[in-house]
Amino acid sequence: MPDTFYYVLSWFLGIGSFVLLMLLIGHIFIALFLIIPTWRICVRAGFAGAWSLLHLIPMIGSFIVMAILAFGDWPNGEATPDSG
């Protein structure tokens, strides 16, 4: 009977490791997908493009980048519509 417990336990640990690995890979793909456009936005706004690398921080990285862009003073000034 104890052998069955260890088989089930090792199965759950294996599945858990696989799920964590898939979450990590998914997070990296999404972060890489967001880094390029965010880098361009930061450069156009006058910030260092490296701020976009905060997307690599799980869970809160994207919110930090959005907060910097939304609430920070842009060194290049606010965007204004063209008059022509």
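Owing to the predicted nature of the structure, the values given are computational and were not obtained by experimental measurement. The residue numbers shown here count from 1 along each chain, following its written sequence. Given that this is a predicted model, residues contribute local features only at a pLDDT of at least 70 and side-chain atom pairs are listed and counted only at 80 or more, while totals for whole chains, interfaces and linings are drawn from all residues. Side-chain measures were taken over the full set of non-hydrogen atoms in the model, leaving aside hydrogen atoms and water.

*Asks:* Is there a simple way to explain the overall build of the protein in this structure?
*Replies:* In this description a helix means any DSSP run of H or I spanning at least four residues, a strand means any run of E spanning at least two, and both kinds are numbered starting from the N terminus. Helices and strands together make up the secondary structure of the protein, namely 2 helices and 0 strands. Projecting the C-alpha coordinates of the protein onto the three principal axes gives extents of approximately 80 × 20 × 20 Å. Going through the 84 residues of the protein one by one, you find that 15% of them count as buried. Sequence separation of 24 or more characterises 43% of the internal contacts of the protein that already satisfy a separation of 6 or more. Note that accessible areas follow from Shrake-Rupley with a 1.4 Å probe, and for residues the cover is restricted to the protein chains shown. Carbon and sulfur atoms make up 76% of the accessible area of the protein, which totals about 6,900 Å². Think of it in three bands: residues with accessible area under 20% of the maximum for their type are buried, residues over 50% are exposed, and the middle band is partly exposed, with areas taken using a 1.4 Å probe on protein chains only. Residue contacts are defined here by distance: any two heavy atoms, one from each residue, within 4.5 Å place the two residues in contact.

*Asks:* Help me understand the packing of aromatic side chains, please; the structure alone is not making it clear to me.
*Replies:* Two measures describe an aromatic ring pair: the distance that separates the ring centres and the angle between the ring planes. Pairing of aromatic rings covers Phe, Tyr and Trp, the last through its six-membered ring, and needs centres within 6.5 Å; plane angles under 30 degrees mean stacked, over 60 mean edge-to-face, and all others mean tilted. In this structure the tally under the stated criterion is 1 aromatic pair. When the centroid spacing of 5.4 Å and the interplanar angle of 65 degrees are considered together, the rings of Phe 5 and Tyr 6 count as edge-to-face. Side by side, Phe 5 and Tyr 6 carry an identical accessibility label, which is exposed.

*Asks:* Got a minute to help me understand unusual backbone geometry in this structure?
*Replies:* With phi around 75 degrees, Met 59 is a residue other than glycine that occupies positive phi space. Inspection of the secondary structure puts Met 59 in the loop between α1 (2-45) and α2 (61-71).

*Asks:* How should the side chain of His 55 be read in this particular structure?
*Replies:* Locating His 55 in the fold gives a position in the loop between α1 and α2. Accessibility expressed as a relative area gives 6% for His 55, which makes it buried. Polar side-chain contacts of His 55 include one of 2.8 Å to the side chain of Ser 62. Setting aside chain neighbours within four positions, we find His 55 in contact with His 27, Ala 31, Leu 34, Ile 35, Thr 38, Gly 61, Ser 62 and Val 65. We define a polar contact as two N or O atoms separated by no more than 3.5 Å, with the added condition that, inside protein, one atom must be a possible hydrogen donor and the other a possible acceptor, whereas residues neighbouring each other in sequence contribute only through side-chain atom pairs.

*Asks:* Please clarify how α2 should be interpreted in this entry.
*Replies:* Residues spaced three or four apart along an α-helix face the same direction, because each turn holds 3.6 residues. For α2, the set of buried residues is Gly 61, Val 65 and Leu 69. Down the axis of α2, the buried side of the element spans an arc of 65 degrees, and every buried residue falls inside it. Exposed side chains of α2 directed beyond 90 degrees from the buried face belong to Phe 63, Ala 70 and Phe 71. By construction, the arc corresponds to the directions joining the helix axis to the C-beta atoms.

*Asks:* I keep staring at the nonpolar core and nothing clicks. Help me out?
*Replies:* Side chains of a nonpolar character, in soluble globular proteins, are inclined to be buried together. Counting 6 residues, the largest nonpolar core consists of Cys 42, Ala 45, Phe 47, Leu 54, Val 65 and Leu 69. With residues near it in sequence (within four places) discarded, Val 65 still touches Thr 38, Trp 51, Leu 54 and His 55. Among buried residues, those of type Ala, Val, Leu, Ile, Met, Phe, Trp, Tyr and Cys that are joined through side-chain atoms within 4.5 Å constitute a nonpolar core.

*Asks:* In this structure, what is going on with the environment of Trp 74? I would like to understand it.
*Replies:* Take Trp 74: it is sitting in the segment after α2. Assessed through its relative accessible area of 27%, Trp 74 is described here as partly exposed. Measuring from C-alpha to C-alpha, the distance between Trp 74 and Trp 39 comes to 14 Å, with 35 residues separating the pair along the chain. Setting aside its immediate chain neighbours within four residues, Trp 74 contacts Ala 45, Phe 47 and Leu 69.

Bear in mind that shape data such as this cannot, by itself, settle questions of function.
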